[in-house]
Each structure stands twice: as C-alpha cells, then as structure tokens.
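The chain contents come next:
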Amino acid sequence: MSVEENNTVVLFDGVCHLCDRAVLFIIRKEKSSAVRFAPLQSETGKKLLRKYGYSESYLDGLVLIEKKRAYDRSSACLRISGKLKFPWNLFFLLLLFPKPLRDWIYKMIASLRYRWFGKKESCALPQGHDPSRFL
C-alpha cells in the first residue's frame, strides 16, 4: 500500500518561504490532522510526481494528492482550503470559476513568489511541528 492511498498529501516547494508559510497555515487551520506533506525536492516528492505524471523537476507550486488523483495550481490550493476550518473553507467555492482564470492568477503569484517572499538555500522542513506529518 502506498503512502498516499490512506493520506491526503501536499507536495510543496521546500526552498520557497511562501510555500513553507502555506504548509504552516494548513497545519494551524485544518479541521483534522489528516494532511501529510512532502517537499517537491525530496525523494518522496519526486517519486509521487513521477507516479502522477509530472516531471521530477516540477516546481510550479503546490500539488495535492488525494484519492489516487493529483491536483495542481489553483485546483490544489482551493481543494486544500476545503479541508480548513471556517471561514477558510469557503475558498473551496472558487472552484466554480473557470480553471484558466484561476490558474492565471495562481501562475502570476507563483512566478513572483521568490522575489516577494524569498528563497532558502536548501530544502528544509518547517520546524516545530509533528515530524510524522512530513514524508
């Protein structure tokens, strides 16, 4: 049985400060502790990327793996929001907007994330949280 079969997994850019903050936000705001995390740059992250048809070098932002299906860009973010406590779970409703529009906004933010929020020299897991949450 694979890691993601029983878990919801969020793959994130491990050198991006915005992505680190997003992971910590998810941990603080989720309804239950069901979500697991792995950096895109990790061996687990690369293995899952390959399994779901992504390039091993994919760094375009978050990927959500849930129920044997992968979601990226805005779809990943909005589906993750559905797992959060009120009022954050209301962002899930934005899935009703056309994907090209949602992804355009997502890509604009993603292309500027290092400039706006910075970048670490190497991939490190967010500190101070349950290590079992990280694959």
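Quick look at the structure, then. (Residues numbered from 1 in each chain as written. Predicted model: local features only at pLDDT ≥ 70, side-chain atom pairs only at ≥ 80, totals over all residues. Heavy atoms only, no water.)

Let us look at unusual backbone geometry. What you tend to see is this: most non-glycine residues have negative phi, and most peptide bonds are trans. Following Phe86, the chain continues to Pro87 via a peptide bond in cis, the omega torsion being 5°. Mapped onto the fold, Pro87 is located in the loop between α3 (73–81) and α4 (99–117). Located in the positive-phi region is Lys67, a residue other than glycine, with phi close to 50°. Of note, Lys67 is situated in the loop between β3 (63–66) and β4 (69–72). For Arg73, which is not glycine, the phi dihedral falls at a positive 50°. Structurally, the position occupied by Arg73 is in helix α3. (Helix = DSSP H or I, 4+ residues; strand = E, 2+ residues; numbered from the N terminus.)

It is worth spelling out helix α1 (residues 17–29) at this point. Between the first and last C-alpha of α1 there are 18 Å, a value that for 13 residues agrees with the 18 Å anticipated at 1.5 Å per step. Turning to α1, its buried residues are Cys19, Asp20, Val23, Ile26 and Ile27. Across the axial projection of α1, the buried residues extend over an arc of 125°, all falling on one side. (Expected span 1.5 Å × (residues − 1). Buried < 20%, exposed > 50% of the residue type's maximum accessible area, 1.4 Å probe, protein only. Arc of directions from axis to C-beta.)

Take the side chain of Ser75 next. The residue Ser75 is located in helix α3 in this model. Among all residues touching Ser75, those that are not within four sequence positions of it are Leu95, Lys99, Arg102 and Asp103. (Contact = heavy atoms within 4.5 Å.)

Quick look at α3 now. The buried count for α3 comes to 7 of 9 residues, which makes it a mostly enclosed element. Within α3, burial applies to Arg73, Ser74, Ser75, Ala76, Leu78, Ile80 and Ser81.

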